[in-house]
Amino acid sequence: MKTHSIIKTVLSSIPAVALAFSLAQPAHAADKKVEIRVKGSDTLVQLATAWAEAYRKVKPNVFVNVNGGGSGTGIAALQNDSTDICNASREMKPDEKVKIKEVTGKEVKEFTCAYDALAVYSNPKNPIKEISVEELREIWAEGGKIETWDQMGGGMKGKITLFGRQNNSGTYDYFREHICGKTPEKKQREFRVGISEMNGSAEVVENVAKTPTALGYSGMGYKIDKVNWLKVSNKKGEPGVTPGADVARSGKYPISRKLYMYTAGDPSPEIKAYIEWTLSPAGQKIVEQEGFVPLK
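Residues numbered from 1 in each chain as written. Predicted model: local features only at pLDDT ≥ 70, side-chain atom pairs only at ≥ 80, totals over all residues. Heavy atoms only, no water.

**Focus: the packing of helix α3 (residues 71-79) against helix α4 (residues 94-104)**
No. 1: At a minimum axis distance of 9 Å, the contact between α3 and α4 shows a crossing angle of 25°. Viewed along their axes, α3 and α4 adopt a mutual orientation that is roughly parallel. Contacts between α3 and α4 involve Ile75, Leu78 and Gln79 from the former and Glu96, Lys99, Ile100, Val103 and Thr104 from the latter.
No. 2: Across the contact of α3 with α4, the residue classes tally to 4 nonpolar, 2 polar and 2 charged. (Axes fitted to C-alpha atoms, helices over the stretch in contact; angles between N-to-C directions. Helix = DSSP H or I, 4+ residues; strand = E, 2+ residues; numbered from the N terminus. Parallel < 35°, antiparallel > 145°, perpendicular 65-115°, else oblique. Contact = heavy atoms within 4.5 Å. Nonpolar A, V, L, I, M, F, W, Y, C, P; charged D, E, K, R; others polar.)

Dropping the structure here:
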């Protein structure tokens, strides 16, 4: 009887001992809370946010915190270690990579995550449906000769109201480089004065929707029913091309571009897993759902 009582006491104490032991152990790696900081391109904000929300369902312990501010802001954040991933709607410049290496001691790693066609938006009341890069240059660049819709023909009247992005935006840089072009001395032409600079891509489109005489540029993923896309050709008289997946990937659309993620040095295992997921079929499906162009 005494022996039976001792055995019973020992057995009854096992669950409590096991519980105490388990509480003393560190959480399993899969349950460890992980934060991934993402900052940069406003063009990529809606896509990056959709990725972050979907990834929580894949890895509930991983929190991807997304902030915009422009590609330049993301690049600066990568330099001062206030972000893990920089989203950029333009390629990082060589001097920016050098600066990050000087400050952090790490080589910049580049990941192409999607394609985008930089669309030219007009108001539905505008009867003009096509425009050339040559005409866009005369409209947007300093010293340009086109200031009114009357000069374009097609029946639209009045001064052209321009909406663009702020100067720390990768979209701003890309459009300036590819549309404004170079001076005869091979220097970058700047935008003309008088352009209303918006903080975000959606703001550009919203203002075009409210302004009959407006013209604006933004990623094709920001299309809404209240605006039109203009077909774009390289030269006046050539057939215009509508923004789209195939023409963005092939480069047939004149203002197509790649979208990027950057890290300072090799990403940690958690960040690497997240980036690889965004590039996987599951992540690229979200690219398409958000109105951008998947890698393939």
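**Some details on the environment of Leu136**
No. 1: Assignment of secondary structure puts Leu136 in helix α5 (residues 133-140).
No. 2: Judged by relative accessible area, which is 0%, Leu136 ranks as buried.
No. 3: Measuring from C-alpha to C-alpha, the distance between Leu136 and Ile179 comes to 6.6 Å, with 43 residues separating the pair along the chain. (Buried < 20%, exposed > 50% of the residue type's maximum accessible area, 1.4 Å probe, protein only.)

**Focus: the nonpolar core**
No. 1: In terms of nonpolar packing, the biggest core is built from 68 residues, with Ile36, Trp51, Leu136, Ile139, Trp140, Leu215 and Ile255 touching the most fellow members.
No. 2: Considering each element in turn, this core owes the most residues, 8 residues, to strand β4 (residues 108-122).
No. 3: Once residues lying within four places of it in the same chain are set aside, the contact partners of Trp140 are Leu162, Phe163, Phe175, Cys180, Glu190, Phe191, Arg192, Ile195, Leu215, Gly216 and Tyr217.
No. 4: Grouped together as the second largest cluster of nonpolar side chains are 10 residues, Ile100, Val108, Tyr260 and Ala264 included. (Core = buried A, V, L, I, M, F, W, Y, C linked by side-chain atoms within 4.5 Å.)

**Some points on the packing of aromatic side chains**
No. 1: Using the criterion set out here, one finds 12 aromatic pairs in the structure.
No. 2: Seen from their ring centres, Trp140 and Phe191 are 6.1 Å apart, and the 70° between their planes marks the pair as edge-to-face. Residue Trp140 is located in helix α5, and its partner Phe191 is located in the loop between α6 (170-180) and β7 (196-198); the two are separated by 51 residues in the primary sequence. An identical accessibility class is assigned to Trp140 and Phe191; each is buried.
No. 3: Their ring planes at 75° and their centres at 5.2 Å tell us that Trp140 and Tyr217 sit as a pair that is edge-to-face. Residue Trp140 is located in helix α5, and its partner Tyr217 is located in strand β8 (residues 214-219); the two are separated by 77 residues in the primary sequence.
No. 4: An aromatic cluster is present here, built from Trp140, Tyr172, Phe175, Phe191 and Tyr217 joined pairwise through their rings.
No. 5: Over the face of the ring belonging to Trp229 we find Lys223, whose NZ or CZ atom lies 5.6 Å from the ring centre.
No. 6: The ring of Tyr174 is capped by Arg257, whose NZ or CZ atom sits 5.9 Å from the centre of that ring. (Phe/Tyr/Trp six-rings, centres within 6.5 Å; stacked < 30°, edge-to-face > 60°. Lys NZ or Arg CZ within 6 Å of the ring centre and 35° of its normal.)

**Considering the confidence of the model for the protein chain**
No. 1: Per-residue pLDDT for the protein chain has a mean of 90; in total, 90% of the residues score no lower than 70.
No. 2: Counted against residues more than four places away or in other chains, residues 1-29, with its pLDDT under 50, gives 1 contact. (pLDDT = per-residue confidence, 0-100.)

**Overview of the packing of helix α2 (residues 45-58) against helix α10 (residues 281-289)**
No. 1: Interaxial distance between α2 and α10 falls to 10 Å at its minimum, and their mutual angle equals 140°. It follows from the interaxial angle that α2 and α10 lie oblique. Considering how the two elements wind past one another, α2 and α10 form a crossing that is right-handed. Contact residues: α2 offers Leu47, Ala50, Trp51 and Ala54, while α10 offers Gly283, Gln284, Ile286 and Val287. (Left-handed = near helix turned anticlockwise from the far one by under 90°.)

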